[in-house]
Amino acid sequence: MARRTLQRALNWGLPLLTLVTYLYLAAYIGPQVMAQAEGQLPFDLRVLGYSLGEARGYLRVLTPEGYLLAQGPMFWADTLFPLLLGVTLLWWMRPFAGVFGMVCVLSSMSYIALDWGENAAVQAMLTAGPDWVRPVEVVRASTFTMAKFAALLLCAILAVRQSLRRRPEGQTNI
């Protein structure tokens, strides 16, 4: 009974907490930061990365209030969100058996690590500012961003695969 309760809490609670954190980032903080950057996407939403010129351009238009949001509430929420999303996807990838199970665990851990690496690299660019950000810092952050999305895609595919494999035979709804 206790195991079933824990499983139900994880099945529903973990995704709901992840969703709430995402909505805070996407619907509350994100629009505020974008408004402080003349509508430009934050670095960590640029799936295809960005160049030195694009990074400097973003840093130039970002207002002081935007810097405060990006280095405060957005940073902390974006530190929690990848952990929650990675653990949620990992939960959906279970059971972990053999080499495939290890690939599932490593892909989720990689997503979390890449997102946190991206956060650190973005913070370094924000701290440096538009005139002092170095090309290597931009390349590092942009590479983390693109790698994060690649790892997230792999995690999503693995989670869907494992979720479908757990369905009882003959069940048609997910």
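This section reports on the structure supplied with the text. (Residues numbered from 1 in each chain as written. Predicted model: local features only at pLDDT ≥ 70, side-chain atom pairs only at ≥ 80, totals over all residues. Heavy atoms only, no water.)

Re the nonpolar core
Formally: Throughout, nonpolar core names a set of buried Ala, Val, Leu, Ile, Met, Phe, Trp, Tyr and Cys residues whose side chains join them through atoms within 4.5 Å. Note on exposure labels: buried denotes an accessible area under 20% of the residue type's maximum, exposed denotes more than 50%, and partly exposed covers the range between, all computed with a 1.4 Å probe on protein chains only. Helical segments are the DSSP runs of H or I of at least four residues, strand segments are the runs of E of at least two, and each set is numbered from the N terminus. We call two residues contacting when some pair of their heavy atoms lies within 4.5 Å.
F43, Y50, L59 and M125 are the most contacted members of the largest nonpolar core, which totals 33 residues. Of all the elements in the fold, those that place two or more residues in this core are α1 (2-35), α2 (52-61), α3 (64-71), α4 (73-93), α5 (98-128) and α6 (135-166). The dominant element in this core, judged by the number of residues it contributes, is α5, at 7 residues. Beyond its immediate chain neighbours, meaning those up to four positions away, F43 contacts Y50, A55, Y58, L59, E118, V122, M125 and T145.

Quick look at the environment of Q162
Operational definition: Within 3.5 Å is the distance limit for a polar contact, defined as a pair of N or O atoms, with the added protein rule that one can donate a hydrogen and the other accept it, and that residues adjacent in sequence qualify only through two side-chain atoms.
Mapped onto the fold, Q162 is located in helix α6. Judged by relative accessible area, which is 6%, Q162 ranks as buried. With 72 residues separating them along the chain, Q162 and L90 place their C-alpha atoms 10.0 Å apart. Once you skip the residues sitting within four places of it in the chain, Q162 turns out to touch W92, M93, R94, P95, F100 and C104. Within polar-contact distance, the side chain of Q162 engages the backbone oxygen of P95 at 3.3 Å.

Some remarks on the state of the cysteines
Note the threshold: Sulfur atoms of two cysteines make up a disulfide when they are within 2.5 Å.
This model, assessed by the stated rule, comprises 0 disulfides. Considering cysteine sulfurs only, C155 is the nearest to C104, which forms no disulfide, with 8.4 Å between them. A residue is classified by how much of its surface remains accessible, and C104, at 0% relative accessible area, is buried. C155 gets classed as buried once you look at its relative accessible area, which sits at 1%.

Brief notes about the environment of G66
By the secondary structure assignment, G66 is in helix α3. Under the relative-accessibility criterion, G66 is labelled buried at 0%. In this structure the C-alpha to C-alpha distance between G66 and M34, which are 32 residues apart in sequence, comes to 8.0 Å.

Focus: empty space enclosed by the protein
Condition: Any residue with an atom within 4 Å of a point lines the site, the site being either a cavity, points on a 1 Å grid over the protein atoms alone where a 1.4 Å probe fits but cannot get out, or a pocket, an open set with protein on both sides within 12 Å along at least 5 of 7 lines. Grid points are joined across faces, edges and corners, and a volume is the space filled by probe spheres set on the points. Under the scheme applied here, ten amino acids are nonpolar (Ala, Val, Leu, Ile, Met, Phe, Trp, Tyr, Cys and Pro), four are charged (Asp, Glu, Lys and Arg), and all others, including Gly, are polar.
With the rule as written, the count across this model stands at 1 cavity of 30 Å³ or more. Of the voids in this model, the largest cavity is the one considered here, and its volume is about 140 Å³. Here the lining of the largest cavity is composed, by residue class, of 8 nonpolar, 2 polar and 3 charged.

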